[in-house]
Amino acid sequence: MEWLHSRLVRPFRPLIRERHTLPGILSWIGLGTLIAFILVGIFGPVLVSIDQTKALAYPILLPPSLQHVMGTDGIGRDVFARVIWGTRTSLMIMAIGALLALVVGFPIGLLSGFVGGKVDRVLVLVMDSVYAFPGLLLAALIAAVIGKGIFNIGIAITVIYIPLYFRVTRNQTLSTREELYVEAARALGARSWTIMLSYIAYNVVIVIPVIFSLSAADTILTAAGLSYLGLGLEIDIPGDWGRDLSDAQRFLGSGIWWTSLFPGLMIILLTVGLSFLGEGLNDIINPLLKKERA
Amino acid sequence: MLLILLTIVFAVLRVIPGDPIAALFAGRAPPDVVAQTRHQLGLDLPYWQQYIFYLGQIFTGNFGTSIGENYHGKSVLAIILDKLPATVELAIGAMIVASIIGIAAGVVSGTNRDKPSDVALRLYGTIIFVIPVFWLGQILQLIFAVDLGWFPAQLRFSGLPFPNQVTGLYTVDSLLQGRLDMFLVALQHLVLPSLTLGLVLSGFFTKTVRANLLRTVNADYVEAARARGIPEGRIISRYAFKNALIPVVTVLGLQFAILFAGAVLTERTFSWDGMGMLLLKSIDSADYPMIQGVIVVYALIIVGLSVIIDVINGLIDPRVRY
């Protein structure tokens, strides 16, 4: 546990060192945004009653006012309350998706990079194919087959991010494998498993925050997209930005802007924050990764 | 790669635990209908038999017949071919918008490194790329369709009789017919969806063009040109820009995935009657053969495009040899 701690905390050290450079500033803005959203996700629903997110809680389509800062929607729900509750939903899906992708993608990438040869080639081909396919379509297909719900959407999204975790882990493993200390361990007669787990994995873990923040924005967008298409969550989830946008669609023609604007702004704030964090971290921690992505 | 993609689609549709037919009907049909549907589609056979049948279907171009309420009994392939042009038209429109905005922004950004215009455009590139495309579409609808009334917000065509179907691209068909008025109507309908999808894609173009231009602007041969006293504008357009575009074409291949995913959402926002809408309707009506057909066609398009990109790459970059 000690080593995992030191590995996951280590990225923050350069983050503090680089706080005056552009990537540093971006990362801090991003991190701040993410933390703010997490706080809203945890405490927002405590402060805003769930009753306000239910249909017919208020008169329909009230424009923003002091009572309803973001107005009410087409079936009488408070837009602000929906937006707050939606934060929790989005963060939960993001966490499930990222965690599952990590649990599957990381070990496969590690193994593929370490073993090399035919296994590696086949895995890379499969992962690249999945990567080339439109992620949203694949997720939509999976969601349609396994059904709605926060956990199911998490799974559907995971499938499209496994290739990313795989690819970055594998590349990092490949370069770590050639390091002198690995060579030294091998010369000392360490077994393959030992080398892979305690020499290589140890040094590859550092890329995880980067992959997470690079894929997290996309995760949010895909989840919202699925909900928008009506393939996402059950109808009784108290907050769901994608569905809110889908519901808002009908009223656009009458110039009702608030039901669309606010959920969208929430998505953008979160995704922009995450991508700032991702790109900042990427520039700081791993210039090498960036080269491979470009 | 094609085979792998097809296998993955197969795996998702058949091997994933759970019953796709039951999930698709979502309790709307009695168990015996579900069982009968499954039998009718051969989903009760062993996987290897299904797999062979499935590949056979694809390579003979026979995708079966629809079982959904919308197109019951009709050939899946015919319906898909009917809807495909709409998606192609939208994709081309979006690519044009994305290339123009993205390349222009990338060049401005790359030639003014670290100046305010560069920083602003880089921010634009990052932000526009993570804006939900369906939300952007709604906002553009609110502004340009509802408020200003410049463009229609929905559908591909209205007001006039539809152009004769030749290519299925309404803009092209109307021109082939020599009807400028029809062309303008089609174009008007195309503007907002293309702009929506194109803007989102332009973020990526901006970044890639900028990064590559930065690399070529300082390359030796560009320095040499500079030393010979060639004006800076000409250096950028003739020397740096051309070489900066080559890697852009390479990464373009990966953009098609985003393009088609975005197209599904954009189609929904603008009621654009293409493949994406067809897929959504098919999922709604539990039209299993149609879903499979649409996804397979998407896979074929993606693979086909990536082959084309490879060929183009070989043509414009003499260093690439196959």
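Quick caveat: nothing in here was measured; it's all calculated off a predicted structure. (Residues numbered from 1 in each chain as written. Chains lettered and ligands numbered in written order. Predicted model: local features only at pLDDT ≥ 70, side-chain atom pairs only at ≥ 80, totals over all residues.)

Right, let's talk about the overall build of chain B for a bit. Looking only at helices and strands, chain B features 13 helices and zero strands. Across chain B, helices and strands are ordered from the amino to the carboxyl terminus as α-α-α-α-α-α-α-α-α-α-α-α-α. Principal-axis analysis of the C-alpha atoms places the extent of chain B at approximately 80 × 50 × 35 Å. When the 322 residues of chain B are sorted by exposure, 44% land in the buried category. Of all intrachain contacts in chain B linking residues separated by at least 6 positions in sequence, the fraction that spans at least 24 positions is 71%. (Helix = DSSP H or I, 4+ residues; strand = E, 2+ residues; numbered from the N terminus. Buried ≥ 20, exposed ≤ 12 C-beta atoms within 10 Å, placed from the backbone. Contact = placed C-beta atoms within 7 Å.)

Okay, the overall build of chain A next. Regarding its fold elements, chain A presents 13 helices and zero strands. When the helices and strands of chain A are listed from N to C terminus, the series reads α-α-α-α-α-α-α-α-α-α-α-α-α. Along the first, second and third principal axes, the C-alpha set of chain A runs to 75 × 45 × 35 Å. Evaluated residue by residue, chain A yields a buried proportion of 50% over its 294 residues.

Residues and elements named next belong to chain B. Positive phi is not limited to glycine here, since Asp 114 has a value of about 65 degrees. Note on placement: Asp 114 falls in the loop between α5 (76-111) and α6 (116-129). Residue class for Asp 114 comes out exposed when judged on the 10 C-beta atoms lying within 10 Å of it. Residue Ser 271 is not a glycine yet carries a positive backbone phi of 45 degrees. Structurally, the position occupied by Ser 271 is in the loop between α11 (232-269) and α12 (275-284).

Let us now look at the packing of helix α6 (residues 135-146) of chain A against helix α7 (residues 150-177) of chain A. Residues and elements named next belong to chain A. Two elements in contact, α6 and α7, have axes whose closest approach is 8 Å; the angle formed by their N-to-C orientations is 145 degrees. Along this stretch, α6 crosses α7, giving a crossing that reads as right-handed. The residues of α7 that touch α6, namely those facing Gly 135, Leu 138, Ala 139, Ile 142, Ala 143 and Ile 146, are Asn 152, Ile 153, Ile 155, Ala 156, Ile 157, Val 159 and Ile 160. (Axes fitted to C-alpha atoms, helices over the stretch in contact; angles between N-to-C directions. Left-handed = near helix turned anticlockwise from the far one by under 90°.)

Okay, helix α8 (residues 180-187) of chain A next. Residues spaced three or four apart along an α-helix point in a common direction, a consequence of the helix completing one turn every 3.6 residues. Summarising burial for α8 of chain A: zero of the eight residues are buried, a small minority. Within two residues after α8 of chain A, Gly 189 of chain A carries a phi angle of roughly 90 degrees, on the positive side.

Okay, the environment of Val 48 of chain A next. Residue and element names in this part refer to chain A. Tracing the chain through its elements places Val 48 in the loop between α3 (22-47) and α4 (79-115). Sequence separation between Val 48 and Phe 80 is 32 residues, and the spatial gap between their C-alpha atoms is 9.0 Å. Once residues within four sequence positions are removed from consideration, Val 48 is found in contact with Ala 81 and Ile 84.

All names here are of chain A. In this model, chain A carries a mean pLDDT of 83, and residues with pLDDT of at least 70 account for 92%. Ranking the elements of chain A by mean pLDDT puts helix α13 (residues 287-293) last, at 46, and α4 first, at 89. Counted against residues more than four places away or in other chains, residues 288-294, with its pLDDT under 50, gives eight contacts. (pLDDT = per-residue confidence, 0-100.)

Looking now at the interface of chain A and chain B. The interface of chain A with chain B comprises 39 residues on the first partner and 38 residues on the second. Broken down by secondary-structure element, the contributors of at least two residues to the side of chain A that touches chain B are α5 (117-132), α6, α10 (208-228), α11 (241-248) and α12 (258-285) of chain A. For the side of chain A that touches chain B, a count of residues per class yields 27 nonpolar, 11 polar and one charged. (Nonpolar A, V, L, I, M, F, W, Y, C, P; charged D, E, K, R; others polar.)

Turning to its location among the elements, Ala 153 of chain B is positioned in the loop between α7 (133-147) and α8 (170-176). According to the C-beta neighbour criterion, Ala 153 of chain B is buried, with 21 such atoms within 10 Å. Sequence separation between Ala 153 of chain B and Leu 190 of chain B is 37 residues; the distance between their C-alpha atoms is 9.6 Å. Those residues in contact with Ala 153 of chain B that sit more than four places away from it in its chain are Gly 253 of chain A together with Gln 141, Ala 145, Val 146, Leu 192 and Phe 270 of chain B.

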